[in-house]
Amino acid sequence: MSLSDLAWKAVKRCVKSPAFVYDVAKYFATDAGSALGIHRYPIHQIFVIGLPKSGSTWLHNMLLELPGFNPRYYPSLSKKDEEGRFRPESEYDNIDDSFFAHVPRFGYSAYRFHIQASDRNIAILNRQAGKWIVTYRDLRDVCISRYFHYRSAPENHYYPLYHSLPQNEAIDHAIEIMRTQFMPWIQGWREAARRYEGQICEVRYEQLWNDTRNELERVLGFFGIQAQESFFEKALATKISEPKDLKESLGDRTRFVVRSSARKGGTGGWREYFTESQREVFKKFAGDFLIELGYEKDLNW
């Protein structure tokens with residue numbers, strides 16, 4: 001493609017989406033300000049490692065309200081199936097040091113990954129930052145949130161399946177994902193937090209939702225960052241206040257800004273959807289784990 005073709009393609013994109021123009025301009029202006037020394041922080045990189053649907057995008061968005069911080073992306077983690085849809089499990093694969101060589105060293109970067117707690121991933125995070133955040137959530141709420149997410153994202157591998165199955169069967173499928181993928185994900189990172197004491201800031205979605213200001217202050221303190229009141233005002237304004245069209249939100253994204261992937265927010269929504277048999281299935285594989293995490297006192301739920 002010639003330079004003129006590239007220029008014309010960019011012009012058409014800008015005409016089609018004025019928000020894209022703003023996002024690009026803000027992105028490069030932010031890095032330029034950091035290069036000029038306008039922004040100064042004790043760290044250059046913040047990593048948010050999140051269980052899917054555990055508030056990691058929301059926390060990432062709040063941290064991006066810190067003046068000077070830009071989102072960075074790792075596109076190679078997203079792999080596609082034979083029909084061109086993204087396979088979500090590919091997001092849990094390993095990252096690679098080579099990607100970070102292309103990130104502006106003078107800039108301030110916020111990353112969001114769903115990667116698992118493999119020795120390789122942890123070694124890379126240690127080399128790049130030394131400290132990072134891990135978010136997780138009550139798996140029952142994650143299950144329902146994931147169900148609605150899959151149904152709202154046509155580019156997702158499970159989109160056709162979740163539209164072909166009755167709701168209860170689709171939730172059964174989501175429960176199996178909790179058992180085989182998401183519970184081991186949390187267990188792996190909690191074990192890593194014990195092994196690497198002081199390097200991992202664990203954030204529970206429920207605490208972030210119920211006490212957002214104090215939890216955000218705790219996260220910033222973990223990195224030695226002191227923020228002005230204007231930051232907290234902007235960050236707290238990102239909290240979802242009412243249910244929204246998830247499909248529309250997922251479609252309103254660019255490479256230079258992170259859009260929310262939340263549908264409703266809140267806690268305990270699983271109670272509206274789980275059947276009695278689904279509760280029993282969940283108790284068998286995750287009952288004790290939910291008690292260990294403090295989400296339940298016993299199995300009487």
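Keep in mind it's a predicted model, so treat the numbers as computed, not measured. (Residues numbered from 1 in each chain as written. Predicted model: local features only at pLDDT ≥ 70, side-chain atom pairs only at ≥ 80, totals over all residues. Heavy atoms only, no water.)

A short note on the confidence of the model for the protein chain
Here is step 1: Averaged over all residues, the pLDDT of the protein chain is 87; the fraction at 70 or higher stands at 84%.
Here is step 2: Low confidence marks residues 249-255, where pLDDT is under 50. Its contacts with residues over four positions away, or in another chain, come to 17 contacts. (pLDDT = per-residue confidence, 0-100. Contact = heavy atoms within 4.5 Å.)

Focus on the sheet that holds strand β2 (residues 69-71)
Here is step 1: Spatially, the five strands line up as an open sheet ordered β2-β5-β1-β6-β7, and their pairing is parallel. Each edge of the open sheet is held by one strand with a lone partner, namely β2 and β7 (200-204). The sheet shows a mean angle of 25° between the axes of neighbouring strands, taken without regard to direction.
Here is step 2: Sheet strands touched by helix α5 (residues 119-128): β1 (45-50) and β6 (132-136). Its angle to β1, the strand with the most contacts, is close to 155°.
Here is step 3: Each of β6 and β7 touches helix α10 (residues 212-222); the most contacted strand, β7, lies at about 170° to it. (Pairing = 2+ DSSP bridges. Helix = DSSP H or I, 4+ residues; strand = E, 2+ residues; numbered from the N terminus. Axes fitted to C-alpha atoms, helices over the stretch in contact; angles between N-to-C directions.)

Quick word on the nonpolar core
Within soluble globular proteins, side chains that are nonpolar generally end up buried alongside one another.
Here is step 1: Core analysis: the largest hydrophobic core is formed by 51 residues, its most contacted members being Ile49, Phe113, Trp132, Leu139, Met178, Trp189 and Phe282.
Here is step 2: Of all the secondary-structure elements, those providing two or more residues to this core are β1, α4 (97-100), β5 (108-113), α5, β6, α6 (139-152), α8 (167-195) and α13 (276-293).
Here is step 3: In terms of residues, this core owes the most to one element, α8, which gives 13 residues.
Here is step 4: Among the nonpolar cores identified, the runner-up in size contains 29 residues, and Phe69, Cys201, Trp209 and Leu220 belong to it. (Core = buried A, V, L, I, M, F, W, Y, C linked by side-chain atoms within 4.5 Å. Buried < 20%, exposed > 50% of the residue type's maximum accessible area, 1.4 Å probe, protein only.)

Structural notes on the packing of aromatic side chains
Here is step 1: Within the structure shown, the criterion is met by 28 aromatic pairs.
Here is step 2: A centroid spacing of 5.4 Å and a plane angle of 75° characterise the contact between phenylalanine 100 and tyrosine 111, whose relative ring orientation is edge-to-face. Residue phenylalanine 100 is found in helix α4, and its partner tyrosine 111 is found in strand β5; the two are separated by 11 residues along the sequence. The exposure classification of phenylalanine 100 matches that of tyrosine 111, with both residues buried.
Here is step 3: Taken together, a centroid distance of 6.3 Å and an interplanar angle of 75° make the contact between tryptophan 132 and tryptophan 189 edge-to-face. In this pair, tryptophan 132 sits in strand β6 while tryptophan 189 sits in helix α8, placing the two residues 57 residues apart along the sequence.
Here is step 4: Its relative accessible area of 0% is what places tryptophan 132 among the buried residues.
Here is step 5: Connected via pairs of aromatic rings, a cluster forms that spans Tyr147, Phe148, Tyr150, Tyr158, Tyr162 and Tyr273.
Here is step 6: The ring of tryptophan 301 has arginine 140 sitting right over it, with the charged end atom 4.4 Å from the ring centre.
Here is step 7: Cation over ring: lysine 283 sits above tryptophan 301, and NZ or CZ is 5.2 Å from the ring centre. (Phe/Tyr/Trp six-rings, centres within 6.5 Å; stacked < 30°, edge-to-face > 60°. Lys NZ or Arg CZ within 6 Å of the ring centre and 35° of its normal.)

Looking at the pattern of salt bridges
Here is step 1: Applying the stated criterion to the full structure yields 16 salt bridges.
Here is step 2: Here arginine 194 ties to glutamate 191 by a salt bridge, and the two come within 3.1 Å at their closest N and O atoms. With arginine 194 and glutamate 191 both in helix α8 and three residues apart, this pair spans about one turn of that helix.
Here is step 3: Assessed through its relative accessible area of 35%, glutamate 191 is described here as partly exposed.
Here is step 4: When the shortest N-O distance is used, the salt bridge between glutamate 217 and arginine 213 registers 2.9 Å. Of this pair, glutamate 217 and arginine 213 both sit in helix α10, four residues apart, which is roughly one turn of that helix.
Here is step 5: The class for arginine 213 is partly exposed, based on a relative accessible area of 28%. (Salt bridge = Lys/Arg side-chain N within 4 Å of Asp/Glu carboxyl O.)

Considerations on the side chain of arginine 146
Here is step 1: With respect to the helices, strands and loops of the structure, arginine 146 is situated in helix α6.
Here is step 2: Relative accessible area serves as the criterion here: at 5%, arginine 146 is assigned to the buried category.
Here is step 3: Residues within four places of arginine 146 in sequence aside, it is in contact with Pro52, Lys53, Pro88, Glu91, Tyr92 and Phe182.

Here's the deal with unusual backbone geometry
Here is step 1: Even without being glycine, lysine 53 reaches a positive phi, approximately 65°.
Here is step 2: Examined against the element boundaries, lysine 53 turns out to sit in the loop between β1 and α3 (56-63).
Here is step 3: Judged by relative accessible area, which is 10%, lysine 53 ranks as buried.

Section: α3
Here is step 1: Summarising burial for α3: eight of the eight residues are buried, a large majority.
Here is step 2: Restricting attention to buried positions, one finds in α3 the residues Ser56, Thr57, Trp58, Leu59, His60, Asn61, Met62 and Leu63.

Observations concerning the pairing of β1
Along any regular strand the residues' side chains alternate between the sheet's two faces.
Here is step 1: The buried count for β1 comes to six of six residues, which makes it a mostly enclosed element.
Here is step 2: Residue alternation in β1 divides its side chains into two sets, Gln45, Phe47 and Ile49 and Ile46, Val48 and Gly50, and both sets are buried.
Here is step 3: By the bridge criterion, five bridges tie β1 to β5 in an arrangement that is parallel. By the bridge assignment for β5, phenylalanine 47 is matched with tyrosine 111.
Here is step 4: In this structure, β1 lies alongside β6, joined through three bridges in parallel fashion. Bridged to isoleucine 49 within β6 is valine 134.

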